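If you want the building blocks of each chain, they are given just below.
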Amino acid sequence: MTDLLTPGLEHQAERAHARRGFLLGLPAMAYLLVFFVIPLGIVVAYSFATRTRSGRTELTGWNLDSYQRLGEEIVRTVAWRSLWVALLTTVICLILAYPLAYFISTRGPVVRNLLLVGVMIPFWSNFLIRTYAWRVILDSDGVVSQASMALGFGETRVLFTNTAIILGLVYGYLPFMVLPLYAAIERIDWSFVEGARDLYASGWSAFRRVVWPLAKPGVIAGSILVFVPSFGAYVTPAILGGNKQGLLGSYIVLQFLSARNGPVGSALSVVVLGVMLVGTLVYFRSGGRNL
Amino acid sequence: MNGTTNGQGPAVELARVVKRFGDRSGTEVTAVDHIDLTITDGEFFSLLGPSGCGKTTTLRMVAGLELPTAGSIRIHGEEMGLRPPNKRPVNTVFQSYALFPHMTVAANVGFGLEMRKVPASERKDLIDWAIDLVEMGSMAHRKPTQLSGGQQQRVALARALVNRPEVLLLDEPLGALDLKLRQQMQIELKNLQREVGITFVYVTHDQEEAVTMSDRIAVMHEGRLLQVDTPENIYEHPTTRFVADFIGRTNFLAATVAGADEVVLANGDRLRLASDRPTGEAVAVTVRPERLTVHQRGQTPEGLHHLDGTVDSVVYVGNAIAYMVSIDWMRLEVRCPATLVGDRMAVGDAVTVSFEPEHATVVSEQ
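Quick caveat, the model's predicted, so the values are computed rather than measured. (Residues numbered from 1 in each chain as written. Chains lettered and ligands numbered in written order. Predicted model: local features only at pLDDT ≥ 70, side-chain atom pairs only at ≥ 80, totals over all residues.)

(A) Molecular detail of the overall build of chain B. Looking only at helices and strands, one finds eight helices and 20 strands in chain B. Along the first, second and third principal axes, the C-alpha atoms of chain B reach 80 × 45 × 40 Å. By residue count, 42% of the 366 residues in chain B fall in the buried class. If you take every contact in chain B between residues at least 6 apart in sequence, the share linking residues at least 24 apart comes to 65%. (Helix = DSSP H or I, 4+ residues; strand = E, 2+ residues; numbered from the N terminus. Buried ≥ 20, exposed ≤ 12 C-beta atoms within 10 Å, placed from the backbone. Contact = placed C-beta atoms within 7 Å.)

(B) Structural detail: the overall build of chain A. Helix and strand counts for chain A stand at twelve helices and two strands. Reading chain A from its N end, one meets helices and strands in the order α-β-β-α-α-α-α-α-α-α-α-α-α-α. Over its C-alpha atoms chain A spans a radius of gyration of 25 Å, topping by over 25% the 19 Å that the globule rule assigns to 291 residues. Over its C-alpha atoms, taken along the principal directions, chain A stretches across nearly 95 × 65 × 35 Å. A buried classification covers 30% of the 291 residues belonging to chain A. Sequence separation of 24 or more characterises 69% of the internal contacts of chain A that already satisfy a separation of 6 or more. (Rg over C-alpha atoms; globule rule 2.2 N^0.38 Å.)

(C) Quick peek at the interface of chain A and chain B. At the interface, 18 residues of chain A touch 19 residues of chain B. Put simply, the parts of the chain that give the side of chain A that touches chain B at least two residues each are α8 (190–198) and α9 (203–231) of chain A. With six residues, α8 of chain A is the largest single contributor of residues to the side of chain A that touches chain B. Looking at the side of chain A that touches chain B, its residues break down into eight nonpolar, six polar and four charged. (Nonpolar A, V, L, I, M, F, W, Y, C, P; charged D, E, K, R; others polar.)

(D) Inspection of the sheet that holds strand β9 (residues 216–221) of chain B at higher detail. All names here are of chain B. Here six strands make up an open sheet; going across it, the order is β6-β7-β8-β3-β9-β10 and the pairing mixed. Pairing within the sheet leaves two strands with one partner each, and these edge strands are β6 (90–93) and β10 (224–229). Strand-to-strand twist of the sheet, defined as the mean angle between neighbouring strand axes without regard to direction, takes the value 20°. Those strands touched by helix α4 (residues 149–161) are β6 and β7 (167–171), and its axis lies near 175° from that of β6. (Pairing = 2+ DSSP bridges. Axes fitted to C-alpha atoms, helices over the stretch in contact; angles between N-to-C directions.)

(E) Looking closely at α4 of chain B. Residue and element names in this part refer to chain B. Spanning 13 residues, α4 covers 18 Å between terminal C-alpha atoms, matching the ideal 18 Å at 1.5 Å per step. The buried fraction of α4 is high, at ten of 13 residues. For α4, the set of buried residues is Q152, Q153, R154, V155, A156, L157, A158, R159, A160 and L161. Along its buried surface, α4 packs onto β6, α2 (105–115), α3 (120–133), β7 and α5 (179–196). (Expected span 1.5 Å × (residues − 1).)

(F) Broad picture of the domain arrangement of chain B. Along its sequence, chain B is carved into domain 1 (12–236) and domain 2 (249–364). With centres defined by C-alpha atoms, the gap from domain 1 of chain B to domain 2 of chain B works out at 39 Å. (Domains from an automatic or database assignment.)

(G) Geometry of the sheet that holds strand β4 (residues 70–75) of chain B. Residues and elements named next belong to chain B. On the basis of which strands lie adjacent, the open sheet formed by four strands has the order β2-β1-β4-β5 and antiparallel pairing. Each having just a single partner strand, β2 (28–39) and β5 (78–79) make up the two edges of the open sheet. With two bridges joining them, β4 and β5 adopt antiparallel strand pairing. What sits directly across from R74, in β5, is E79.

(H) Region of the structure containing the pairing of strand β17 (residues 320–327) of chain B. Residue and element names in this part refer to chain B. Here strand β16 (residues 305–316) runs beside β17; their pairing, made up of seven bridges, is antiparallel. The residue of β17 that forms the bridge with G309 is I327. Sheet analysis places β17 next to strand β18 (residues 330–337), joined by eight bridges and oriented antiparallel. By the bridge assignment, Y323 is partnered in β18 with V334. The turn joining β17 and β18, which pair antiparallel and follow one another in sequence, is formed by two residues.

(I) The nonpolar core, seen in detail. Grouped together as the largest cluster of nonpolar side chains are 150 residues, with contacts concentrated most on L181 of chain A together with A158 and V201 of chain B. For this core, the element with the most residues is helix α7 (residues 162–187) of chain A, which contributes 16 residues. A domain-level breakdown of this core finds at least three residues from each of domain 1 (12–236) and domain 2 (249–364) of chain B. (Core = buried A, V, L, I, M, F, W, Y, C linked by C-beta atoms within 7 Å.)

(J) Spatial organisation of the packing of α8 of chain A against α9 of chain A. All names here are of chain A. At a minimum axis distance of 9 Å, the contact between α8 and α9 shows a crossing angle of 160°. Taken together, α8 and α9 sit at an angle that is classed as roughly antiparallel. α9 is crossed by α8, and the crossing has right-handed handedness. Every residue of α9 that contacts α8 at F192, V193, A196 and R197 is listed here: A206, R209, V210, V211 and L214. Here the residues of the contact of α8 with α9 are counted per class, giving seven nonpolar, no polar and two charged. (Parallel < 35°, antiparallel > 145°, perpendicular 65-115°, else oblique. Left-handed = near helix turned anticlockwise from the far one by under 90°.)

(K) Looking closely at the packing of helix α3 (residues 73–105) of chain A against α7 of chain A. All names here are of chain A. Packing of α3 against α7 leaves a shortest axis separation of 6 Å and a crossing angle of 40°. Taken as axis vectors, α3 and α7 run oblique relative to one another. Considering the relative orientation of α3 and α7, their crossing is right-handed. A per-class count over the contact of α3 with α7 returns 23 nonpolar, three polar and one charged.

(L) Expanded view of unusual backbone geometry. Backbone geometry at R260 of chain A places phi at a positive 50°, although glycine is not the residue there. Checked against the element boundaries, R260 of chain A lands in the loop between α11 (248–257) and α12 (262–288). In this model, Y97 of chain B sits at a positive phi of 70°, which is unusual for a non-glycine residue.

(M) Structural context of the pairing of strand β19 (residues 350–355) of chain B. All names here are of chain B. Bridge analysis of strand β15 (residues 293–296) against β19 gives four bridges, and the strand direction is antiparallel. Across the sheet, H295 pairs through a bridge with T352, a residue of β19. Alignment of β16 against β19, held across six bridges, turns out to be antiparallel. When the bridges of β19 are listed, H305 appears paired with F355.

(N) Inspection of the environment of T145 of chain B at higher detail. Locating T145 of chain B in the fold gives a position in the loop between α3 and α4. For the pair T145 of chain B and L99 of chain B, spaced 46 residues apart in sequence, the C-alpha to C-alpha distance is 9.2 Å.

(O) Seen up close, the environment of G249 of chain A. Residue and element names in this part refer to chain A. Along the chain, G249 turns up in helix α11. Using a count of 22 C-beta atoms within 10 Å as the deciding quantity, one classes G249 as buried. Separated by 41 residues in the primary sequence, G249 and R208 place their C-alpha atoms 37 Å from one another.

What follows is the structure, encoded as structure tokens:
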């Protein structure tokens, strides 16, 4: 009797299998390479390049000048302000989203799906249009102002303030907090909560000691999904903040389009990217230890 | 202090307890239907029945995880009413164990003490005692996911017992274990219960498990209690067909009550058997397979009731030989000890099946 398989043949089969997987992933990988990795490389290269007097960027004379300019007062002010806006947006989203996600995940399947669709409905219309709608609401002749006048507080104009920016950001990114929180809370085995209640925990203690730690991955995912786009947000501050309050996004645009300083704009982009990457990693790690 | 009773009275007392669940379409399902039950102190009491019979709902109502629609639940005489689970002097071992996955074994075991604000110094001794009790001392710092099913089961037990509850509720705690481990844990659980002297209320669908461990068993079916008695009485003297069928294997012979101490079998044979059923009622006479004996036709011993038949099949099942015997109106299962090899019947043999009248029981056809 002869062996059906020659030694080593199974390795060939495994390699062929791996090759097929690679080929299937190839289109997406090619797309990402052309439209993400290469442009990112260009930005990184720009950040070390030189700006000529005419405002062109020359890919010669590599230097760190642009990075040194990031230490300037104005950049630091803008960065702190962006950080503050992003943090506030994240915290407000978390406070609003947690009870909602908890409520949704404890409903029956029909109500639950309706509510989830409700959370996602805003995505069905254009983000710009929705942001401009806020402009109408917050302007001096808008609903908010009219209500305040009716109550005798006088004309109130929220538009073009930090409050307007945060309102807009919370509005835009709240679903990104609700959905991962929902997924995390929904996954918790309810018997853990029953177990805690059976072991003399009050409703609040059961939440604090069991639900919160077990749903923490959802808090982390949601916070990152809200914080990252808020930190570099451009459209919302541009429309609702009137660009008087400089934030990182608008400052970078300013460097590219008005100051015609590609290297500084690129350097700032690289730093923001790096900070967010490190921040995200640290955040994940701190959550990961308790899981 | 939270969750203790000072009252006298039985460990658990259920009176006319009803639980109805409504579904979305508005129809109501009665999971527990007017149950009256008294469980005495220190008892190992089992609620036994097929899935969906209401046994787990009953247990959960005692725990406070489910609130009764009507009726009264008392623990040591004290009405539990709508008290939340954290204010009740009971602890539960869940079917899924429900060990907190983000806490170590020691933290899991200490959780109840922590919630009751037991001082940290005292807590440590109690945790050690409970973990040693279930022989998990070397695993105190592991997370539940690092434990096998049997080990998780022990931790769940320690986590409940450390609180010294007045009643320990166990919801099919051995269901997830394999047979060998389950049998070993049955004995350990029984010993543990004797050691700590706490009343155990044990829910199971496994009749063998219930018979092995319990002081008393309540057989449930469709939300009602069919019979509450010692394992021996439930096995030897079931009152309904359902109980006889659910506990072990048995034969049912159709019969009619002919008087206070006589029934008539379907073939016309008269049998002296006492029953509390009214004359004329269609009943069943149940005889366990191991209470039947089989002989070659014509060798029937005196004083026994006997039925003639033919051997249909002979199956060797290890500790016994199982015969299926056709009598002219039904088939009977007979189990004989597998020791007397020479006496074995063969398929097609004309035989007589016999039994002593005291080994037969009249059961109602419910």
